[in-house]
Every structure is written in structure tokens, then in C-alpha cells.
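Next come the chains, spelled out residue by residue.
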Amino acid sequence: RNLLSESSPPPSHSLPQSETSQGDSSAPNTVIIRHTSSTSSQESKSSINTVEQDYALKFIHYIIKDLLASEAAYVQHLKRLVQEFIPYFSQTNFTPSSLQGQIPALFANTQELYSLHSAILSALEAKESYPEEVCHAFASREKEFWAYFVYMKNSFQSQKLIERHDAKVWQQISQQLNIPHPLQFYLLQPLQRIPKYQVLLKDLLDYAIASHSPHASALDSTLNLLHWIPTH
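Let us look at the structure shown here. (Residues numbered from 1 in each chain as written. Predicted model: local features only at pLDDT ≥ 70, side-chain atom pairs only at ≥ 80, totals over all residues. Heavy atoms only, no water.)

Regarding the overall build of the protein
Part 1 of the argument: Secondary structure summary: the protein contains nine helices and zero strands in total.
Part 2 of the argument: Taken over 232 residues, the protein has a buried fraction of 34%.
Part 3 of the argument: Long-range pairs, those at least 24 residues apart, make up 78% of the contacts in the protein between residues at least 6 apart in sequence.
Part 4 of the argument: Carbon and sulfur atoms provide 55% of the accessible area of the protein, an area that totals close to 14,400 Å². (Helix = DSSP H or I, 4+ residues; strand = E, 2+ residues; numbered from the N terminus. Buried < 20%, exposed > 50% of the residue type's maximum accessible area, 1.4 Å probe, protein only. Contact = heavy atoms within 4.5 Å. Areas by Shrake-Rupley, 256 points an atom, 1.4 Å probe, with all protein chains shown as cover.)

Written as C-alpha cells, this is what we have:
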């Protein structure tokens, strides 16, 4: 038997050449391997960040699309109040005697809300493809949202006035105007819109912060304002 051949180390080709160490453990080929691994990690992180950014952009466009559709419907409801119900109650020959002179009590500052959201809707329709401009549409009107405090303060009085009359009265008025819903339905829309804005503006704010938008601070103020508005 050849004992020397049994005790000799395995041939060097049993390990890849780049992984064998010869002498100093900091051989150049070892350093090269580590550098390549680091570069690969950086590329992987960059790829993940790009995917996250693409997802965030798609998500904010979905939010804007939803916002635009719901805002258009909301403006139409306010338009019913301003251009159909209020003129009807201004005509004493049509209005029940018990409701004459009750326009301020019933409608409060509905006209102000209609003007505000008509302007927002126009801005959204013109700039729906630009999230930054959508943020601006709300951020630039922060103070105008105070109009909701006036409306909400009056809503209790308006509701009491409606409850004092039979539901048939309101149904007859809607039928005369050829409107699908009674007055109560339209008067409730601003109260129901505030929680919707709280959700939508929170998503816009998250996007504004992530994209370092200059409108982030004003959006945050608008959102805080909306949280202070009582909705019931």
C-alpha cells in the first residue's frame, strides 16, 4: 500500500479557484468577491425602492380617481340644493306657510360649500394626472374648509325643522321639482362627506410626505381641521 498517497491532501481543483486562500487571508481575489456581493445588495435595494415608488404612484393615482368621482357626485348634490331647492323655497306661492322664511335655517351656508367644491372639482379635473397639483387643490383652500363649522353648527336646527313636518311634505316638494331624493338626503351630504375627506386627505398627505411635497404641511393642517369638525 502507498501510505503517502492516502495521507496527501485533496487536489486543489476540489474548490473553486476564487475561493482558495493562499497565504494571507486578505488575498485580492477574496476582496473582489466581497465587493461584488456588496454591489449586488445595493442593486437589490435599489430595485426594491423602485418597485415601492411605482406602487406608491399607482396607489395615489387610484386615490385621485376615487376622489374625482366622489367629488363630482358631491358637487351635483350641492348644486341641487343651491339651484333647485333654495329657489323653490324662495317662492312663497309654492312654499308651505310653515316653511316660509326658513331658508337660512334649512340651508345655512350651502352656497359657500358649493362654491368651494366647484372650484376643487375644476382643479381636480384639470390636474388629475399630477398628484402634486391635487395636493395643492386642497392645501391652498385650508381656510375655506372652516365653512363646514358653520354648516355643522346649523345642522341640528335644520334637522329639527324637517322633523316638525310630515315626510309627505318633503316627498311632494321633490316630486314637484322632479328630484329623485327628498331634501333631507341632500342636506346630509356635507355631514357624510367629512369622514370621506379625512380618509382621502390622509392618503394624499402620506404621498406628500413621501415625495417631500411643499404642500405636506398645509395638507396636514387641513386634515387636522377636518378632524375637529363634528359630524353628528
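Points about the nonpolar core
Part 1 of the argument: Of all hydrophobic cores here, the largest spans 56 residues; its most connected members are Phe-89, Phe-138, Tyr-148 and Leu-204.
Part 2 of the argument: Every element with two or more residues in this core is listed here: helix H2 (28-90), helix H3 (103-107), helix H4 (110-127), helix H5 (131-139), helix H6 (147-163), helix H7 (167-177), helix H8 (183-210) and helix H9 (216-228).
Part 3 of the argument: Non-local contacts of Phe-89, meaning those with residues more than four positions away in its chain, are made with Thr-95, Leu-99, Ile-103, Leu-106, Phe-107, Trp-170, Ile-173 and Leu-183. (Core = buried A, V, L, I, M, F, W, Y, C linked by side-chain atoms within 4.5 Å.)

Details of the packing of H4 against H6
Part 1 of the argument: Their axes nearest at 9 Å, the elements H4 and H6 cross at an angle of 145°. Like other packed secondary-structure pairs, H4 and H6 cross with a definite hand, here left-handed. On H6, the residues touching Thr-110, Glu-112, Leu-113, Leu-116 and His-117 of H4 are Ala-147, Tyr-148 and Tyr-151.
Part 2 of the argument: Taken together, the residues of the contact of H4 with H6 sort by class into five nonpolar, two polar and one charged. (Axes fitted to C-alpha atoms, helices over the stretch in contact; angles between N-to-C directions. Left-handed = near helix turned anticlockwise from the far one by under 90°. Nonpolar A, V, L, I, M, F, W, Y, C, P; charged D, E, K, R; others polar.)

A word on H6
Part 1 of the argument: Its 17 residues give H6 an end-to-end C-alpha distance of 24 Å, which sits within 8% of 24 Å, the value for a rise of 1.5 Å per residue.
Part 2 of the argument: Bending of H6 peaks at approximately 35° at the position of Ser-155.
Part 3 of the argument: Among all positions of H6, only Ala-147, Tyr-148, Tyr-151, Met-152, Asn-154, Ser-158, Leu-161 and Ile-162 are buried. (Expected span 1.5 Å × (residues − 1). Bend = angle between axes of the 7 residues up to and from the residue.)

Examining the packing of H4 against H5
Part 1 of the argument: Here H4 crosses H5 at 170°, and the two axes come no closer than 9 Å. Compared by their axis directions, H4 and H5 come out roughly antiparallel. Of H5, the residues touching H4 (which contributes Ile-120, Ala-123, Leu-124 and Lys-127) are Glu-133, Val-134, Ala-137 and Phe-138.
Part 2 of the argument: Broken down by class, the residue content of the contact of H4 with H5 amounts to six nonpolar, no polar and two charged. (Parallel < 35°, antiparallel > 145°, perpendicular 65-115°, else oblique.)

Focus on the pattern of salt bridges
Part 1 of the argument: Overall, the coordinates contain four salt bridges when judged by the stated rule.
Part 2 of the argument: Among the salt bridges present, the one from Glu-71 reaches Arg-193, with a minimum N-O distance of 2.8 Å. Separated by 122 residues along the polypeptide, Glu-71 in helix H2 and Arg-193 in helix H8 bring together distant segments of the chain.
Part 3 of the argument: Relative accessible area serves as the criterion here: at 0%, Glu-71 is assigned to the buried category. (Salt bridge = Lys/Arg side-chain N within 4 Å of Asp/Glu carboxyl O.)

Comments concerning the environment of Thr-95
Part 1 of the argument: Mapping Thr-95 onto the fold places it in the loop between H2 and H3.
Part 2 of the argument: Once residues within four sequence positions are removed from consideration, Thr-95 is found in contact with Tyr-88, Phe-89, Ser-90 and Gln-100.

A closer look at the environment of Gln-91
Part 1 of the argument: In this fold, Gln-91 is placed in the loop between H2 and H3.
Part 2 of the argument: On the basis of relative accessibility, which here comes to 35%, the residue Gln-91 falls in the partly exposed class.

Things to note about the packing of aromatic side chains
Part 1 of the argument: Applying the stated rule across the entire model yields 10 aromatic pairs.
Part 2 of the argument: Judged by centre distance (6.1 Å) and plane angle (15°), the ring pair of Phe-145 and Tyr-148 falls under stacked.
Part 3 of the argument: A connected cluster of aromatic rings, assembled from ring pairs, spans Tyr-88, Phe-89, Phe-107 and Trp-170.
Part 4 of the argument: Seen from the ring of Tyr-197, Arg-193 lies directly overhead, with NZ or CZ sitting 4.4 Å from the centre. (Phe/Tyr/Trp six-rings, centres within 6.5 Å; stacked < 30°, edge-to-face > 60°. Lys NZ or Arg CZ within 6 Å of the ring centre and 35° of its normal.)

Description of the side chain of Gln-189
Part 1 of the argument: Within the element layout of this structure, Gln-189 appears in helix H8.
Part 2 of the argument: Setting aside anything within four residues of it in sequence, one finds Gln-189 in contact with Tyr-74 and His-77.

Things to note about the side chain of His-215
Part 1 of the argument: Inspection of the secondary structure assignment puts His-215 in the loop between H8 and H9.
Part 2 of the argument: The residues contacting His-215, other than those within four sequence positions of it, are Glu-132, Cys-135, His-136 and Ala-139.

A short note on unusual backbone geometry
Part 1 of the argument: One non-glycine residue with positive phi stands out, namely Ala-108, at about 50°.
Part 2 of the argument: One non-glycine residue, Asn-178, lies in positive phi territory at about 60°.
Part 3 of the argument: Looking at where Asn-178 falls in the secondary structure, it is placed in the loop between H7 and H8.
Part 4 of the argument: Residue class for Asn-178 comes out exposed when judged on its relative accessible area of 67%.

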